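Next come the chains, spelled out residue by residue.
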Amino acid sequence: VQLQASGGGLVQTGGSLRLSCAFSGITFSYYAMGWFRRAPGKELELVAALSRGGGRTSYADSVKGRFTISRENDKKRVYLQMNSLKPEDTAVYYCAADRVISSVLPIDKAEYDYWGQGTQVTVSS
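Residues numbered from 1 in each chain as written. Predicted model: local features only at pLDDT ≥ 70, side-chain atom pairs only at ≥ 80, totals over all residues. Heavy atoms only, no water.

## What to know about the overall build of the chain
Rules: Each helix is a run of DSSP H or I of at least 4 residues and each strand a run of E of at least 2, with the numbering of both proceeding from the N terminus. Between the two quantities, the radius of gyration covers C-alpha atoms and the globule rule is 2.2 Å times the number of residues to the power 0.38. Each residue is placed in one exposure class: buried if its accessible area under a 1.4 Å probe, protein chains only, is under 20% of its type's maximum, exposed if it is over 50%, and partly exposed if it falls in between. Contacts are assigned to residue pairs that have any heavy atoms within 4.5 Å of one another.
A count of helices and strands for the chain gives zero helices and eleven strands. Helices and strands appear in the chain in the N-to-C order β-β-β-β-β-β-β-β-β-β-β. Computed over C-alpha atoms, the radius of gyration of the chain comes to 13 Å, within 12% of the 14 Å expected from 2.2 N^0.38 for 125 residues, which places it in the range of a compact globule. Taken over 125 residues, the chain has a buried fraction of 45%. Long-range contacts, defined as pairs at least 24 residues apart, comprise 61% of the intrachain contacts of the chain with a sequence gap of at least 6.

## Points about the state of the cysteines
As a reminder of what qualifies: Count a disulfide wherever a pair of cysteine sulfur atoms falls within 2.5 Å.
In the structure shown here, the tally under the stated rule is one disulfide. A sulfur-sulfur distance of 2.0 Å marks the disulfide that ties C21 to C95. Where C21 bonds to C95 through sulfur, the torsion about that S-S bond is close to 45 degrees, and the disulfide is right-handed. Taken together, the residues span a long stretch of sequence, with C21 in strand β3 (residues 17-24) and C95 in strand β9 (residues 91-99) at a distance of 74 residues. Look at C21 and you get buried, because its relative accessible area is 0%. For C95, a relative accessible area of 0% gives the class buried.

## Concerning the pairing of strand β8 (residues 77-82)
How we decide: Only strands joined by at least two bridges in the DSSP assignment are considered to pair.
Across six bridges, the pairing between β3 and β8 is antiparallel. Bridge pairing in β8 links R18 to Q81. Here strand β7 (residues 67-72) runs beside β8; their pairing, made up of six bridges, is antiparallel. Counted as the bridge partner of T68 is Q81 from β8. Once β7 ends, the chain turns through four residues before running back antiparallel as β8, passing K76 with a positive phi of about 55 degrees.

## Focus: the packing of aromatic side chains
The cut-off we apply is this: Stacked, edge-to-face and tilted are the three classes for Phe, Tyr and Trp ring pairs, Trp counted by its six-membered ring, which pair at centre distances within 6.5 Å; planes under 30 degrees apart are stacked, over 60 edge-to-face, the rest tilted. To sit over a ring, a charge needs its Lys NZ or Arg CZ within 6 Å of the ring centre and within 35 degrees of the ring normal.
Across all of its chains, the model carries five aromatic pairs by this definition. Between Y31 and Y114, the aromatic rings sit 6.1 Å apart at their centres with planes inclined by 50 degrees, giving tilted as the arrangement. Of the two residues, Y31 sits in strand β4 (residues 31-38) while Y114 sits in strand β10 (residues 114-115), which places them 83 residues apart along the sequence. Relative to Y112, the ring of F36 has its centre 5.1 Å away and its plane inclined at 85 degrees; by these criteria the two rings are edge-to-face. Remark: Y112 occurs in the loop between β9 and β10 and F36 occurs in strand β4; sequence separation between them is 76 residues. Exposure class is identical for F36 and Y112. Each is buried. Linked through ring pairs, F36, Y112 and W115 together constitute an aromatic cluster. The residue whose ring lies beneath R18 is Y79, and the NZ or CZ to ring-centre distance is 3.9 Å. Just above the ring of F28 sits the side chain of R71; from NZ or CZ to the centre is 4.6 Å.

What follows is the structure, encoded as structure tokens:
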């Protein structure tokens, strides 16, 4: 199983980035997806989660209205569109996958089975 995250980089405050995570080795449609982040000196936190069918989402309060999680099952990819970026969004971002039944939406990092390697997002002020 491989999860390959990409799309991170350096952006100014107010800018946008789109993270992408490519999956291989799993039946993608059986998995709920999540994006997490770890900022310097802070704990790993859930940024956004998406059910296997794409019909349910959950976002951290700090990113609601600015970030959007989506998926393309035929391409085995999950995305995180990040708009209106702030310096406090600076972190390493990780994609993760959780094998679930129906529309379960996992929000606890302990529930996730597979993790990508992380991609750095830096927002300059």
